[in-house]
Amino acid sequence: MSWTRKVLRVNLTEGTCTPEPLNMEWAHDYLGQRGLATKYLVEETDPKVDPLSPGNKMIMATGPLTGTMASTGGRYSVITKGPLTGAIACSNSGGFIGNEFKNAGWDMIIFEGKSPKPVYLYIENDLTELRPADHLWGKSAWEADEMLHKDHQDPNLKIAVVGRPAEAGCLFAAIVNDLHRAAGRSGVGTVMASKNLKAVAVRGTLGIAAPENPDAFFEAVADGKEVLAENAVTGEGLPTYGTQVLMNVINSVGGLPAHNMRDVGFDKAENISGEAMHEPRASDGKPNLTTNGACFGCTIACGRISTIDKTHFSIKDQADKPQYQGASGGLEYEAAWSLGADTGVDDLDALTYVNFLCNEDAIDPITLGCTIAAAMELFEDGKITLEDTGGIDLRFGNAKALVEVIELTISGEGFGADIGQGSKRLCEKYGDPDLSMSVKGLEFPAYDPRGIQGIGLNYATSNRGACHVRGYTIASEVLGIPVKTDQNDAEGKPELVKAFQDATALVDSAGICLFTTFAWGMDNIAPQIDAACEGDWSVDKCLEAGERIWNMERMYNNAAGFTSDDDTLPKRLLKEAVKSGPTKGNVSRLGEMLPKYYEIRGWSDKGIPSSETISRLGL
């Protein structure tokens, strides 16, 4: 019930699909999914490769717990070199397709080269074929999904697909599966489209082999599910409010950025919160939230399913577009923040509508919202004009402008083409690069590094750029999980960040969801892996694997041209103090934390892993 021991290598240039055995020596060191696929990428590609060239590879990978009874065991990841950043990219997704890959008998799929014309990959257990996708090209992700299901007449077919922004070269296009789950960040969808690969459709009926130690596995899984059910976050908060449970919490502690991170604290946050999604509307008496939903094997069910008010300006004149009239994937915290608080928009239905658009056409809502927020600040500063935007009054708080510019970004037309390049390139083009709130070209998530010190260090050192799910110190600094640390204190944060980053690398390689770690420690996770897989997967072995994966990614980035100069934050966060609220007066104290972080990582003062560290980790 661990590895299938099979890899599918798809040469898009030649049009071939070739099975090969999984490298089990690597599996014993890197486990699976994020770690193991990155090992393949590192060994098979030049770190300096153009991300959108045929020389780059893209890998879809499962973990050893994917498809098993382990709670949340439905994850898969897409690993490549990202076009938005030029750094290592690994985007994780839930839904049901990860389980389908595993039941079809595949640990991972390696895509290489570029097809001369649009194709999709069809998998039915051992049957693997590249098929024409000319009829799918130019369609949204939802349209292509519907067409493939109709073509194959199989409602159980699981599909991962790119939308029109990826085809048009938007640098932060995602890969959507199951309509509203996504491998979302770093532009993995752009890489997929650059290879003329529109979709992957998979059906698996082979089942999964028994775990290495069935009795121990069943016991560890049952214990783990009990812990999740009894935990206040995974048993109550996330099922009820989803990740949107955080909106009011983070705002109340002085950690919610707003207006392109110009401010900390959003006075209208409650209007776009998880609680607000439960409130009945005046128009029809129904709430924004229709129900919650779960991915494969998940006992948490944090997903949001929402319905837009049919009288809302975004859909009232679109009766011919039924996809916006019914229930679909609703707002998660990061999307509600980036599209909402960061742009100053507090219209819940407008945010739900543009979130539908992001799902429909497979685009990362975090980078999208942050890039629009940067554009809004440039607009208010006079550096972007009405002529540039095509007449859109792109001021903070303008919900209709938000909708208009996102619709342009989806089509790749007009000013939308500029937005589609991300905030770094946008701000450089319009003369104020310091207004890009990003690290290594990847935009920030919904936690301000001035108000929460540890997360700033994590952003600066994250291997894929500003990313909260590479080392989610918010758990400790705000929620007190597993122990409470002071969000305003820099002391001890290098150790905290390293611990979170290493543990997360292991979780991302196992095939389970990171949200389990609100309740689980490694003493809950390691027994499940150890019972499922051959070999020793003790707590120490798991943490060592996580550290190995982190350092491998770092070495890839260094070889790609990144240096310690890239381990930084925008000047605004280092120099401009928080103006008001609980964290008033704070700036990020990154300079105090970074040298210590390098030291405990076993890196030089230039951020390069030492020969001793490389040797100790078997790199």
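Residues numbered from 1 in each chain as written. Predicted model: local features only at pLDDT ≥ 70, side-chain atom pairs only at ≥ 80, totals over all residues. Heavy atoms only, no water.

Asks: Which parts of the structure should I look at to understand the overall build of the chain?
Replies: When helices and strands are tallied, the chain shows 25 helices and 19 strands. Taken against the 2.2 N^0.38 rule, which gives 25 Å for 619 residues, the C-alpha radius of gyration of the chain at 22 Å falls within 12% of a compact globule. Summarising its shape, the C-alpha atoms of the chain cover approximately 60 × 55 × 45 Å along the three principal directions. Counting over 619 residues, the chain shows a buried share of 63%. (Helix = DSSP H or I, 4+ residues; strand = E, 2+ residues; numbered from the N terminus. Rg over C-alpha atoms; globule rule 2.2 N^0.38 Å. Buried < 20%, exposed > 50% of the residue type's maximum accessible area, 1.4 Å probe, protein only.)

Asks: What is the right way to look at the pairing of strand β4 (residues 76–81) in this model?
Replies: If a strand is regular, its side chains alternate between the two faces of the sheet. The element β4 is extensively covered by neighbouring structure, given that six of its six residues are classed as buried. Where burial is concerned, the two faces of β4 agree: the one with Tyr76, Val78 and Thr80 and the one with Ser77, Ile79 and Lys81 are both buried. As paired elements, strand β3 (residues 58–62) and β4 share four bridges and run antiparallel to each other. Directly across from isoleucine 59, in β4, lies its bridge partner isoleucine 79. With six bridges connecting them, β4 and strand β5 (residues 88–93) associate as antiparallel partners. Note on β5: the bridge partner recorded for serine 77 is asparagine 92. Hairpin remark: β4 followed by β5, antiparallel, with six residues in the connecting loop; positive phi at glycine 86, about 80°. (Pairing = 2+ DSSP bridges.)

Asks: Please clarify how the state of the cysteines should be interpreted in this entry.
Replies: Defined simply, a disulfide is a covalent bond joining two cysteines at their sulfur atoms. Counted under the stated rule, the structure contains zero disulfides. Here cysteine 370 is not disulfide-linked; the sulfur of cysteine 427 is the nearest cysteine sulfur, at 11 Å. A relative accessible area of 4% places cysteine 370 in the buried class. (Disulfide = S-S within 2.5 Å.)

Asks: I keep staring at the sheet that holds strand β9 (residues 158–161) and nothing clicks. Help me out?
Replies: Adjacent strands of a sheet pair through backbone hydrogen bonds, lying either parallel or antiparallel. The strand order across the open sheet formed by six strands is β8-β7-β12-β9-β10-β11, and the pairing between neighbours is mixed. Two strands close off the open sheet at either side, each with one partner strand: β8 (127–132) and β11 (181–183). Across the sheet, the mean angle from the axis of one strand to that of its neighbour is 20°, orientation sign disregarded. Pairing of β9 with strand β12 (residues 197–203), which is carried by four bridges, proceeds in the antiparallel orientation. Looking at β12, one finds that alanine 160 is bridged to valine 200. Sheet contacts for helix α4 (residues 141–152): β7 (119–124), β8, β9 and β12; angle to β9, the most-contacted strand, approximately 145°. (Axes fitted to C-alpha atoms, helices over the stretch in contact; angles between N-to-C directions. Contact = heavy atoms within 4.5 Å.)

Asks: Looking at this structure, how should I read the pairing of β3?
Replies: In terms of residue burial, β3 counts as a mostly covered element, since five of its five residues are buried. In this sheet, strand β6 (residues 108–112) lies alongside β3 in antiparallel orientation, the contact comprising four bridges. When the bridges of β6 are listed, alanine 61 appears paired with methionine 108.

Asks: What is the right way to read the packing of helix α20 (residues 493–510) against helix α24 (residues 590–601) from this model?
Replies: When two helices pack together, their arrangement is given by the angle between their axes and by how far apart the axes lie. The contact between α20 and α24 brings their axes to 8 Å, and the two run at 50°. By the angle class used here, α20 and α24 are oblique. Note that α20 runs across α24; the crossing there is right-handed. On α24, the residues that touch Lys493, Pro494, Glu495, Val497, Lys498, Gln501 and Asp502 of α20 are Met593, Lys596, Tyr597, Ile600 and Arg601. A breakdown of the residues in the contact of α20 with α24 according to their chemical character gives five nonpolar, one polar and six charged. (Parallel < 35°, antiparallel > 145°, perpendicular 65-115°, else oblique. Left-handed = near helix turned anticlockwise from the far one by under 90°. Nonpolar A, V, L, I, M, F, W, Y, C, P; charged D, E, K, R; others polar.)

Asks: Help me understand the environment of valine 253, please; the structure alone is not making it clear to me.
Replies: Following the sequence through the fold, valine 253 ends up in the loop between α9 (246–252) and β13 (257–258). The partly exposed category is assigned to valine 253, whose relative accessible area is 23%. Here the alpha-carbon distance between valine 253 and isoleucine 452, two residues 199 residues apart in the chain, equals 9.0 Å. Apart from residues no more than four positions distant in its own chain, valine 253 is found in contact with Val478, Gln487, Pro582 and Thr583.

Asks: Could you clarify how one ought to interpret the packing of aromatic side chains in this entry?
Replies: Given two aromatic rings, one states the distance between the centres and the angle between the planes to describe the pair. Evaluation of the coordinates by the stated rule reveals 13 aromatic pairs. Ring geometry for tryptophan 26 against tyrosine 40: centres 4.9 Å apart, planes inclined by 85°, an arrangement best described as edge-to-face. With a gap of 14 residues between them, tryptophan 26 in helix α1 (residues 24–30) and tyrosine 40 in helix α2 (residues 33–44) connect regions that are remote in the sequence. An aromatic cluster is defined as three or more aromatic residues linked by ring pairs; in this entry it consists of Tyr333, Tyr447, Tyr472, Phe515 and Phe518. The ring of tryptophan 137 carries lysine 198 above its face, with NZ or CZ at 5.9 Å from the centroid. (Phe/Tyr/Trp six-rings, centres within 6.5 Å; stacked < 30°, edge-to-face > 60°. Lys NZ or Arg CZ within 6 Å of the ring centre and 35° of its normal.)

Asks: I'm lost on unusual backbone geometry in this one. Help?
Replies: Note on backbone geometry: most residues besides glycine have negative phi, and most peptide bonds are trans. Omega for the bond connecting isoleucine 481 with proline 482 falls within 30 degrees of zero, at -5°, which places this linkage in the cis form. Mapping proline 482 onto the fold places it in the loop between α19 (474–477) and α20. The phi dihedral of leucine 179 is positive, around 75°, even though this residue is not glycine. Within the secondary structure layout, leucine 179 lies in the loop between β10 (175–177) and β11. In this structure, methionine 261 is a non-glycine residue whose phi angle is positive, near 65°. For methionine 261, a relative accessible area of 1% puts it in the buried group.

Asks: Would you take a moment to explain the nonpolar core for this structure?
Replies: Across soluble globular proteins, you tend to see nonpolar side chains buried next to one another. With 145 residues, the main nonpolar core has Met108, Ile406, Tyr447 and Ile529 as its most contacted residues. Setting aside residues up to four positions removed in sequence, isoleucine 529 forms contacts with Leu31, Leu65, Leu506, Ala510, Trp537 and Cys542. Ranked by size, the runner-up nonpolar core spans 30 residues in total, among them Ile97, Ala166, Ala173 and Val200. (Core = buried A, V, L, I, M, F, W, Y, C linked by side-chain atoms within 4.5 Å.)

Asks: In this structure, what is going on with the domain arrangement of the chain? I would like to understand it.
Replies: A common way to report how large an interface is uses the accessible area buried once the components associate. Domain parsing of the chain yields domain 1 (6–203), domain 2 (235–252 + 256–442) and domain 3 (449–616). One C-alpha centre belongs to domain 1, the other to domain 3, and the line joining them spans 27 Å. Between domain 1 and domain 3, the residue contacts involve 39 residues of the former and 34 residues of the latter. At the boundary of domain 1 with domain 3, total buried surface from both sides reaches about 3000 Å², with 60% on carbon and sulfur atoms. Of all residues in domain 1, Leu31, Arg34 and Leu65 bury the most surface against domain 3, accounting for 25% of the area lost on that side. At the boundary of domain 1 with domain 3, the tally comes to two salt bridges. A salt bridge links arginine 34 to aspartate 508, with the shortest nitrogen-to-oxygen separation between them at 2.9 Å. For the interface between domain 1 and domain 3, the tally reads 17 residue pairs in polar contact (both at pLDDT 80 or more). Sorting the residues of the side of domain 1 that touches domain 3 by element identifies α1, α2, β4 and β5 as the ones contributing at least two each. For the side of domain 1 that touches domain 3, the leading source of residues is α2, giving seven residues. (Domains from an automatic or database assignment. Buried area = accessible area lost by both parts, 1.4 Å probe. Salt bridge = Lys/Arg side-chain N within 4 Å of Asp/Glu carboxyl O. Polar contact = N/O pair within 3.5 Å; in protein donor to acceptor, adjacent residues only side chain to side chain.)

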